[in-house]
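A look at the structure
Given next are the chains, with one letter for each unit.
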Amino acid sequence: MAVMTPEPAMARHWSGHRQICRVVVTKRVVWRHGHRHVIRYKIKRCWWRR
């Protein structure tokens, strides 16, 4: 089994469409006490592909 399935009963359900996840690193500028801070944080975006 290449695809990790939560339960054997879900195997048929997962075989049709798979979930594609990727981690996106975004930057945000935050002002604190008059100083600029650049915060890098990761967002995991998942969408379903049939």
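In what follows, the structure referred to is the one given above.
Summarised in this report is the structure supplied together with it. (Residues numbered from 1 in each chain as written. Predicted model: local features only at pLDDT ≥ 70, side-chain atom pairs only at ≥ 80, totals over all residues. Heavy atoms only, no water.)

Counted according to the given criterion, the structure contains one disulfide. In this model, Cys 21 is linked to Cys 46 through a disulfide, with the two sulfur atoms separated by 2.2 Å. Residues Cys 21 and Cys 46 are joined by a disulfide whose S-S torsion is about 115 degrees; by sign, that bridge is right-handed. In this pair, Cys 21 sits in strand β1 (residues 18–32) while Cys 46 sits in strand β2 (residues 35–49), placing the two residues 25 residues apart along the sequence. The exposure class of Cys 46 is partly exposed, given its relative accessible area of 37%. (Disulfide = S-S within 2.5 Å. Helix = DSSP H or I, 4+ residues; strand = E, 2+ residues; numbered from the N terminus. Buried < 20%, exposed > 50% of the residue type's maximum accessible area, 1.4 Å probe, protein only.)

Below, the discussion takes up the environment of Arg 40. You can see Arg 40 is positioned in strand β2. Taking the C-alpha atoms as reference points, Arg 40 and Lys 27, 13 residues apart in sequence, are found 4.6 Å from one another. With sequence-adjacent residues up to four places away left out, Arg 40 is seen in contact with Val 25, Thr 26 and Lys 27. (Contact = heavy atoms within 4.5 Å.)

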